Amino acid sequence: MTIDPADARSAGLSKLRALESEAIHVMREVASELERPALLFSGGKDSIVLLRLAEKAFRPGRFPFPLVHVDTGHNFDEVVEYRDRRAAELGERLIVAKVQDTIDQGRVQDGYDPSKQGSSRNQQQTQTLLDAIEEHEFDACFGGARRDEERARAKERIFSFRDDFGGWDPKNQRPELWNLYNGRLRKGENVRVFPISNWTELDVWQYIEEERLELPSIYFAHEREVVRRNGMLYAVSPFLQPQDGETVETLSVRYRTVGDLTITGAVESTASTLQDVVTEIAATRITERGETRADDRVSEAAMEDRKAQGYF
Amino acid sequence: MSAAPDHAPSASLLAEAGDPAGMPALRADLLRVATAGSVDDGKSTLIGRLLYDSKQVLADQLEQVEQASVRRHGAGAVDLSLLTDGLRAEREQGITIDVAYRYFTTGDRSFILADTPGHVQYTRNMVTGASTADLVIVLVDARQGVIEQTRRHTFIASLLGVRHVTFAVNKMDLVDWDEDVFRAIETETTRISTQLGIPDIHVIPISALQGQNVVDRGELPAWYPEDDDHPTLLRHLQTVEVSTDRNLTDLRFPVQWVIRPGAAGDTSGGRWDADDLHDYRGYAGQVAGGVLRPGDEVQVLPSGVRSRVRRIETLDGDLDVATAPQSVTVHLEDDVDVSRGDVIVGADEDAEAITFRELEADVCWMSDRALRPGARYLLKHTTTTTVAKVDAVLDRLDLHTLEREDADGLELNDIGRVRIRLKRPLVADPYLRDRATGAFILIDEGTNDTVAGGMIR
């Protein structure tokens, strides 16, 4: 029915090396042409790949940028532990920008309301990111977004310029030809850079397998207390409690994406090794965002709207 | 459908793709394709068909499209063109704003498809999409035959140095698969392509709407028999040979970034200035042409200093050989002064012959603000950015007749030839010899916009 996982794997290597070379080139261009870049690191699989690419681009030198995590406070413990440990292992600087601080300073209202289903701090993340960009005077932020994720992304450049308010204007993007990136900024502008734009979800998983990259444990099957809500499985946590009529089940699940735990769904799975996970992903019939991200289900143009407001 | 989609990997493909000198076939299974054609040619339907029949459409995407089909056309068949439906801004205005990228994999090859709008005002989008393409698919509507737009798209593909052009003659069902119609189009597209010097062309009859000869063969007339010479469009894309397209003759390594862990100015913490790294000096970059091997005698331009390649380093270990487009770190035997923008070339290279202080180029103008002779821009070429002055606009291409005509400037979406004077000399090649070292962009210093893509003559 779908891509034979074995075929996909055997075909992977040289394609991955071509995508890898392209991404390394992009990272070195940014380091050369921009003054103060940063790399957004969430502990999720895409940003884990970015870290490996940065090693490939800059070792044995240090990364010419710090790592930044925009922290909603609603995290999986396993991911926070991984984030801190990975940054320490690499010997690179990690800046954690907290949505809670933005809320405490009264700059945004907390979108999360424990009594409201589906509420989250997803929207507030944007403000915290913009604050961090301003505070540290970052002019470029690497992100792990891919064009295969979503149709607004499919039209976004590798160098995606944002105005003072972080907004993306799809009608006014710079043409991007060959591998010649124009990183020159207007006053007040900054640029989001997506080195793995041309990778698919399967490419990311295969690369993780090829490179033997460690992932936070929640990417593999584990027992967890969950509730079913709108066809998705959510982890029960201090930030997400079962509502009336919902029953808590203990299931074997894994995560396909890692985000704010109030809006990131798990999938039922017994895949406990990377190879099992890659095989499952190759055979899957639903997109990553459709399966696990409540934030993109809100409307047909959800991502487009959020990007216009400064979201990644 | 009479034939199952052909997903079986061909064992010979990867072997064939390796080049004679035993170079790694780095792109053997990644093909970059650009599509040219307008909505009316059924381009969105074709792309939807490619994705759908090759089983690349996932359940939730299909559900979205089914719902949208019902909303728009009422109950009935699924409108595959909606699979590539883009942004809300576009849906509202009924236009395609920009190049969109799609990804699919079948068997042993993966595809990056740049979907570029085909209307005349979108020349810049097609140039953008074709700039990185190995192959361009030009859509032809069987009922209309070869029209002005077909010529224009073929011309742009040739201008951008695309060596493989495939004409997909669509809507064959609407002309009852009339062989004469197809042969006439085949003859005319072949003639145009030959005139333009495109080395590899194929003409393939299809019906994207009916799903004939795109991924599955379907029922086809006897004049298009089921054999290797009459592939489906997808089969052709799977087997077209592109690994020999890269330049393996002229070594070009533009230095992008210098890695010096121990140097002053490197903000490295304690662990990165370990003693063994004190003398470390690596030149990082992407090979733009030729073959790089340890022991090679090289010269660094523009200084002309000579040395020898000591190591080709990657995080995964040293390499015996590197070719385009590999990103590597080069070490030289001698402690020479090398920085970003310098280019490492072979020792035998005639430096003068590849050093340009002035150049002639075809440019595609991409800005609302017209180009006038005497204007100053920043020119970015490989890893060098320099000030450039457009001394003269030599001609402008009439995109209707494809004749060159006198011009005193270039407007948005114009293509024309210009003469440019450079403040800093560039190590470059004619575009058709090496796309990576023959291409440049022009940047407006006032707005920082990219205003043109250029190809050195």
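Residues numbered from 1 in each chain as written. Chains lettered and ligands numbered in written order. Predicted model: local features only at pLDDT ≥ 70, side-chain atom pairs only at ≥ 80, totals over all residues. Heavy atoms only, no water.

Turning to the overall build of chain A, a few remarks are in order. Summing up its helical and strand segments, chain A has 9 helices and 10 strands in all. Expressed as a percentage of the 312 residues in chain A, the buried residues total 66%. Of the accessible surface of chain A, which amounts to about 11500 Å², a share of 45% is contributed by carbon and sulfur atoms. (Helix = DSSP H or I, 4+ residues; strand = E, 2+ residues; numbered from the N terminus. Buried < 20%, exposed > 50% of the residue type's maximum accessible area, 1.4 Å probe, protein only. Areas by Shrake-Rupley, 256 points an atom, 1.4 Å probe, with all protein chains shown as cover.)

Attention now goes to the overall build of chain B. Counting its secondary structure elements, chain B contains 9 helices and 22 strands. Buried positions account for 60% of the 457 residues belonging to chain B. A separation threshold of at least 6 residues defines the contact pool for chain B, and within that pool the share at least 24 residues apart is 72%. Total accessible area computed for chain B in this model is approximately 18100 Å², and 46% of it derives from carbon and sulfur atoms. (Contact = heavy atoms within 4.5 Å.)

Time to look at the side chain of Thr200 of chain A. Looking at the element boundaries, Thr200 of chain A is found in the loop between strand 6 (190–193) and helix 6 (201–210). Residue classification places Thr200 of chain A among the buried residues on the basis of a relative accessible area of 15%.

Looking now at the sheet that holds strand 3 (residues 94–98) of chain A. Residue and element names in this part refer to chain A. The strand order across the open sheet built from 6 strands is 3-2-1-4-6-5, with neighbouring strands paired in mixed fashion. In this open sheet, the two edge strands, each paired with only one partner strand, are strand 3 and strand 5 (159–162). Going across the sheet, the axis of each strand differs from the next one's by a mean of 30°, ignoring polarity. Against the sheet, helix 3 (residues 77–90) makes contact with strand 2 (67–71) and strand 3, and its axis sits at roughly 150° relative to strand 3, the strand it touches most. In the packing of helix 5 (residues 122–135) onto the sheet, contacts are made with strand 1 (37–40), strand 2, strand 3, strand 4 (140–142) and strand 6, and the angle to strand 6 comes to roughly 120°. (Pairing = 2+ DSSP bridges. Axes fitted to C-alpha atoms, helices over the stretch in contact; angles between N-to-C directions.)

Residues and elements named next belong to chain B. Strands sit in the order 2-3-1-4-5-6 across an open sheet of 6 strands; the sheet is mixed. The sheet terminates laterally at strand 2 (100–106) and strand 6 (200–205), the two strands that pair on one side only. Each strand axis lies, on average, 25° off the axis of its neighbour in the sheet, ignoring direction. With 7 bridges joining them, strand 2 and strand 3 (residues 109–117) adopt antiparallel strand pairing. Residue pairing for strand 3: Arg102 is matched across the bridge by Leu113. Strands in contact with helix 2 (residues 43–53) are strand 1 (30–37), strand 2, strand 3 and strand 4 (135–141); relative to strand 3, the strand with the most contacts, it is inclined by about 165°. Each of strand 1, strand 3 and strand 4 touches helix 5 (residues 123–131); the most contacted strand, strand 3, lies at about 165° to it.

Let us now look at the packing of aromatic side chains. Residues and elements named next belong to chain A. All chains considered together, the criterion is met by 14 aromatic pairs over all chains. With a centroid separation of 5.0 Å and an interplanar angle of 5°, the aromatic rings of Phe159 and Tyr181 are classed as stacked. Taken together, the residues span a long stretch of sequence, with Phe159 in strand 5 and Tyr181 in the loop between strand 5 and strand 6 at a distance of 22 residues. In terms of burial, Phe159 and Tyr181 fall into one category: buried. (Phe/Tyr/Trp six-rings, centres within 6.5 Å; stacked < 30°, edge-to-face > 60°.)

Here the focus is the packing of helix 6 of chain A against helix 7 (residues 274–283) of chain A. Residue and element names in this part refer to chain A. Viewed as axis vectors pointing N to C, helix 6 and helix 7 meet at an angle of 165°, and their least axial separation amounts to 10 Å. By the angle between their axes, helix 6 is roughly antiparallel relative to helix 7. Between helix 6 and helix 7 lies a crossing whose hand is left-handed. Of the residues in helix 7, those in contact with Glu201, Leu202, Trp205, Gln206, Ile208 and Glu209 of helix 6 are Leu274, Gln275, Val277, Val278, Ile281 and Ala282. Partitioned by chemical class, the residues of the contact of helix 6 with helix 7 number 8 nonpolar, 2 polar and 2 charged. (Parallel < 35°, antiparallel > 145°, perpendicular 65-115°, else oblique. Left-handed = near helix turned anticlockwise from the far one by under 90°. Nonpolar A, V, L, I, M, F, W, Y, C, P; charged D, E, K, R; others polar.)

Moving on to unusual backbone geometry. Residue and element names in this part refer to chain B. Along the chain, Leu301 connects to Pro302 via a cis peptide bond; the corresponding omega equals 10°. Mapped onto the elements of the fold, Pro302 is located in the loop between strand 11 (297–301) and strand 12 (305–313). Cis rather than trans, the peptide bond between Ala324 and Pro325 has omega equal to 0°. Summarising the element assignment, Pro325 is placed in the loop between strand 13 (322–323) and strand 14 (327–332). We note that Asn448 has phi near 65°; this positive angle belongs to a residue other than glycine. The exposure class of Asn448 is buried, given its relative accessible area of 8%.

Attention now moves to a negative patch on the surface. All names here are of chain A. A cluster of acidic residues, Glu134, Asp163, Asp164 and Asp169, forms a negative patch at the surface. Take Asp163: it is sitting in the loop between strand 5 and strand 6. Here Asp163 falls in the partly exposed class, since its relative accessible area comes to 36%. (Patch = residues over 30% accessible without salt bridge, like charges linked within 9 Å, V, L, I, M, F, W, Y side chains within 5 Å. Salt bridge = Lys/Arg side-chain N within 4 Å of Asp/Glu carboxyl O. Lys, Arg positive; Asp, Glu negative; His and termini not counted. Charge placed at Lys NZ, Arg CZ, Asp CG, Glu CD.)

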